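Topology and contacts: notes
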Amino acid sequence: MQAIIDAVSSLVQTAYPDYDIYLEEMQEGFSRPSFSVVFIQETQTDKNQHFYARNIILYVIFNAALNANNNPDKAMQYTVYENIRELFSSGFFSIGDRKIKIRQITGGPKGKEIYLGFNLDTTESRPEPSGQTELAGSVQIQFDM
C-alpha cells in the first residue's frame with residue numbers, strides 16, 4: 001500500500017515540486033497551497049491459490065491558498081484539478097515494473113478543498129508457503145471384488 005501512495009505522491013510532486021504533500025491526517029497550521037494523499041479504503045478478492053485482486057481508493061486533495069476572505073482561489077483550484085486529472089489520464093501508473101490500473105477518477109470541490117478520487121486495481125501474488133510439506137512415499141490401493 002505504501003508503495004502505491006508513494007507513487008501517487010511522486011507523480012503529483014513532479015507536477016508541483018514547490019508544494020508540500022501530506023500523507024497523514026491534516027493538523028493545524030499546514031501550509032497552503034499543498035496536497036494531501038489520503039487512503040480511503042481497500043477491498044481484496046481472491047482469484048486463485050496464487051493471486052488476489054486489490055481495489056484501492058485514494059484521494060488527492062488540493063489545499064488551495066486562501067484569499068483575504070478566507071476562501072480558496074477557485075481559478076487556481078480548477079487549474080490544479082485539471083492538471084492532476086490529466087497527469088493520471090493514461091489509465092495506469094507504474095511502480096517499478098508493475099502497472100497499477102486506474103479504474104475510475106472522480107472528484108470535485110468539497111469545502112475549501114478540491115479532490116480527485118482514484119479507484120485503483122492491481123493483482124498481487126501470494127508468497128509461496130514456507131516450509132516443506134510431506135509427500136506420500138507410496139500409496140497402496142486395494143479393491144475387493
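Above this text is the structure in question.
Right, let's walk through the structure included here. (Residues numbered from 1 in each chain as written. Predicted model: local features only at pLDDT ≥ 70, side-chain atom pairs only at ≥ 80, totals over all residues. Heavy atoms only, no water.)

**Focus: the overall build of the protein chain**
Rule in force here: Starting at the N terminus, helices and strands are each numbered in turn, a helix being any DSSP run of H or I of at least four residues and a strand any DSSP run of E of at least two. Restricting the calculation to C-alpha atoms gives the radius of gyration, and the globule rule supplies 2.2 Å times the number of residues raised to the power 0.38. Relative accessibility thresholds used throughout: buried, under 20% of the residue-type maximum; exposed, over 50%; partly exposed, between the two (1.4 Å probe, protein chains only). The contact criterion used is simple: two residues touch if any of their non-hydrogen atoms lie within 4.5 Å. Note on areas: Shrake-Rupley, 1.4 Å probe, and residue coverage restricted to the protein chains presented here.
Looking only at helices and strands, the protein chain features two helices and six strands. What you see in the protein chain, going N to C, is helices and strands ordered as α-β-β-β-α-β-β-β. The C-alpha radius of gyration of the protein chain comes to 23 Å, more than 25% above the 15 Å expected for a compact globule of 145 residues. Along the longest, intermediate and shortest principal axes, the C-alpha atoms of the protein chain span 95 × 25 × 25 Å. Relative to its full complement of 145 residues, the protein chain shows a buried share of 31%. Considering only residue pairs separated by 6 or more positions, the protein chain has 57% of its internal contacts joining residues 24 or more positions apart. Total accessible area computed for the protein chain in this model is approximately 9,800 Å², and 49% of it derives from carbon and sulfur atoms.

**Examining the environment of Ala3**
When you line up the elements, Ala3 lands in helix α1 (residues 2-15). For Ala3, a relative accessible area of 41% corresponds to the partly exposed category. Taking C-alpha positions, Ala3 is 15 Å from Ile40, a pair spaced 37 residues apart along the chain.

Remember that the coordinates give geometry; whether it matters functionally is a separate question.
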